[in-house]
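# Breakdown of the fold
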Amino acid sequence: MDFLDKLVLPQSAEHIELLHYMLILILALFVPFISIIFGGTFASIHYGKKFRKTKTLYYKKFSKDIIEYVTVNNGVGVILGLVPLLAAILIFAQLLHTAQIQTVSFLALSFAFLLVGLFMIYTYRYSMVLSNVFESVNLNTNIDKDSEEDYRKIKAKSSYLSLNYGKSGLVILFVGIWFYVAAITSATSFTSWNFPGFITSLAAPKVLLNLLIFIAFAFTLTNAAILFIHLYWKDSKKDEDVSYTKFVKDIASKAGLKASIILPILIAINLFSFPETNLSGSIFVYAIASILLIFLAYHFFYMIQIKNDYRFGSLIFFVLILASIAFIIKDQKAMTNATKSHSLVLSTEYDKILAELKGEGTVVAFSGKELYDVRCASCHKFDQKLVGPAHFDVLPKYVGKEAKLVAFIRNPVKVDPAFPPMPNPGLKPQEADAVAKYLLEEFAKKK
Ligand code: HEC
């Protein structure tokens, strides 16, 4: 993704914060939509199979209804599935500019798979409708031989398409989701992500756990969406067939409950998989909010299933959408924490460029050594620890990474628990630059 990296300009700290908020909005559209498409396609294929086994007509109707509900129409697929992901790729490219982490590559792959997967799933939907039409047409006995042949061919083709495109589309979508989850996981554990190879990244326990959460959530949300659309939106009174409504209600509320049952535990495990340094109060708050909302959804599923109270059809859907948004915010907070020092590197670069534009660039009143003696030497020595650690002990990790050292000096973060936090020395960008250079030069001399 080098070409994207070149497009990106350094960002101010405020802009970086704004990007994080935009990401939350965009993912709040993308994640629920893709979840429902995935869960819905799976359910549609599953109940189609059940129909072929049991010959119960309701299964067939259900299979077709589900895919029609969840795909809405082509435009929705593009607007909610593909455009947000594209926007997310651009934002991640800015936030992780020069970070050399695979996140953006994973997202690009995810986009490619989703594009193909969605295309196939929409084909599945239309060919399913088509083959139903064919089946309900009775051949006119006066029809000529040629037309009859054509008719059979198209009929066979559409049922072939609906069977195969559905399944392949589902598998491809799954791979796309897997890449997406790997991207988010790598970004949220930025500091502890040790750049494993491609396959090892995909199979990393953290990624698999998040994938499991995504899939379980997708099934839960899909069933809630089915209940919402069937019981509430479509206005079940218009649907003459009361026993079909009961059939849908029974299946969806049971399946929804089953899929959601492990979610709270999985989310809790996910929470404890974050490195301690990245945890913050707000991450806990959002994780707990999403768990509580899922508990509320249990209750609604139960009310629909046992008490036949269909009013909960709409509530349950919105409660679960909120749960997914809470989960997304939690991930974004984790990413913000994990990339804190990287964001500083980026905004420091921005400050430097801004200072140069204002003409403050070249004038550094004091040399690096002079600045150091006045501003740092009270707490630091090169070869001995004082208030802070000996420079020679900590500098090795900054060799070749001057920008990171400048970022630390301009805005120190907590590093070593054996020391108190370093107060912000309040240097200007150019001053920090000069001091960092001086430190690294001294370190190089020592070797
Ligand atoms: C008031 C005391 C104090 C002053 C002044 C001070 N530091 Fe520090 N410095 C500390 C302490 C304490 C730590 C350890 C912080 C930690 O590990 O969380 C530290 C850590 C560091 C580190 C190690 C960072 C790491 O990643 O482990 C560097 C580099 C550093 N200081 C450079 C400087 C420079 C350059 C200046 C002058 C511009 C400076 N310090 C001024 C107290 C100070």
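Residues numbered from 1 in each chain as written. Predicted model: local features only at pLDDT ≥ 70, side-chain atom pairs only at ≥ 80, totals over all residues. Heavy atoms only, no water.

## Digging into the pattern of salt bridges
Side chains that differ in charge, positive against negative, can pair when their charged atoms come close. Throughout the structure, instances matching the rule amount to nine salt bridges. Among the salt bridges present, the one from D250 reaches K246, with a minimum N-O distance of 3.1 Å. With a gap of four residues between them, D250 and K246 both fall in helix 9 (residues 242-260), about one helical turn apart. Residue classification places D250 among the partly exposed positions, given a relative accessible area of 22%. Residues D331 and K330 are paired through a salt bridge, measuring 3.1 Å at the closest nitrogen-oxygen approach. Residue D331 shares its accessibility class with K330, and that shared class is buried. Here the salt bridges do not stand alone but share partners, grouping K246, K249 and D250 into one network. (Salt bridge = Lys/Arg side-chain N within 4 Å of Asp/Glu carboxyl O. Helix = DSSP H or I, 4+ residues; strand = E, 2+ residues; numbered from the N terminus. Buried < 20%, exposed > 50% of the residue type's maximum accessible area, 1.4 Å probe, protein only.)

## Details of helix 2 (residues 13-54)
Counted at 1.5 Å a residue, the expected span for helix 2 with its 42 residues is 62 Å, and the 61 Å between its end C-alpha atoms agrees. Taken as a whole, helix 2 carries its principal kink of about 30° at L27. A positive phi of about 65° marks K55, the residue just after helix 2. (Expected span 1.5 Å × (residues − 1). Bend = angle between axes of the 7 residues up to and from the residue.)

## Overview of the site of the ligand
Inspection of the region around the ligand gives 25 residues, with C376, C379, H380, Y398 and M422 positioned closest. H380 places a side-chain nitrogen or oxygen 2.7 Å from a nitrogen atom of the ligand. Note that an oxygen atom of the ligand is positioned 2.8 Å from one of the side-chain N or O atoms of K414. Taken together, the elements giving at least two residues each to the shell around the ligand come down to helix 15 (391-394), helix 16 (402-410) and helix 17 (429-446). Looking at side-chain class alone, the shell around the ligand contains 18 nonpolar, three polar and four charged residues. (Near = heavy atom within 4 Å. Polar contact = N/O pair within 3.5 Å; in protein donor to acceptor, adjacent residues only side chain to side chain. Nonpolar A, V, L, I, M, F, W, Y, C, P; charged D, E, K, R; others polar.)

## Regarding the packing of helix 13 (residues 340-357) against helix 16
Interhelical geometry of helix 13 versus helix 16 gives an angle of 90° and a closest axis separation of 8 Å. Taken as axis vectors, helix 13 and helix 16 run roughly perpendicular relative to one another. Along the contact surface, helix 13 presents S341, L344, V345, T348 and D351, while helix 16 presents A403, K404, V406, A407 and R410. For the contact of helix 13 with helix 16, the per-class residue count stands at five nonpolar, two polar and three charged. (Axes fitted to C-alpha atoms, helices over the stretch in contact; angles between N-to-C directions. Parallel < 35°, antiparallel > 145°, perpendicular 65-115°, else oblique. Contact = heavy atoms within 4.5 Å.)

## As for a positive patch on the surface
A surface patch of like charges, here positive, comprises K49, K50, R52, K53, K55, K167, K254 and K258. Mapped onto the positive patch, the elements with two or more residues apiece are helix 2 and helix 9. Looking at which element gives the most residues to the positive patch, the answer is helix 2, with four residues. Look at K258 and you get exposed, because its relative accessible area is 68%. (Patch = residues over 30% accessible without salt bridge, like charges linked within 9 Å, V, L, I, M, F, W, Y side chains within 5 Å. Areas by Shrake-Rupley, 256 points an atom, 1.4 Å probe, with all protein chains shown as cover. Lys, Arg positive; Asp, Glu negative; His and termini not counted. Charge placed at Lys NZ, Arg CZ, Asp CG, Glu CD.)

## Some details on the nonpolar core
Among the nonpolar cores identified, the biggest contains 109 residues, and L27, F62, F92, Y180 and L320 are the most heavily contacted of them. Looking at this core element by element, the count peaks at 17 residues for helix 8 (residues 205-233). Formed by 20 residues, the second largest nonpolar core is a distinct cluster that contains L405, V406, A436 and Y438. (Core = buried A, V, L, I, M, F, W, Y, C linked by side-chain atoms within 4.5 Å.)

## Quick word on the domain arrangement of the protein
You can read the domains of the protein as domain 1 (2-342) and domain 2 (364-446). Taken over C-alpha atoms, the centre of domain 1 sits 47 Å from the centre of domain 2. (Domains from an automatic or database assignment.)

## Here's the deal with the side chain of H20
Structurally, H20 is set in helix 2. The exposure class of H20 is buried, given its relative accessible area of 7%. A polar atom in the side chain of H20 sits 3.5 Å from the side chain of Q332. Setting aside its immediate chain neighbours within four residues, H20 contacts L95, Q332, M335, T336 and T339.

## Side note on the confidence of the model for the protein
In the predicted model, the protein carries a mean pLDDT of 87, and 93% of its residues have values of at least 70. Mean pLDDT values for the elements of the protein range from 67 in helix 1 (residues 2-7) up to 94 in helix 2. (pLDDT = per-residue confidence, 0-100.)

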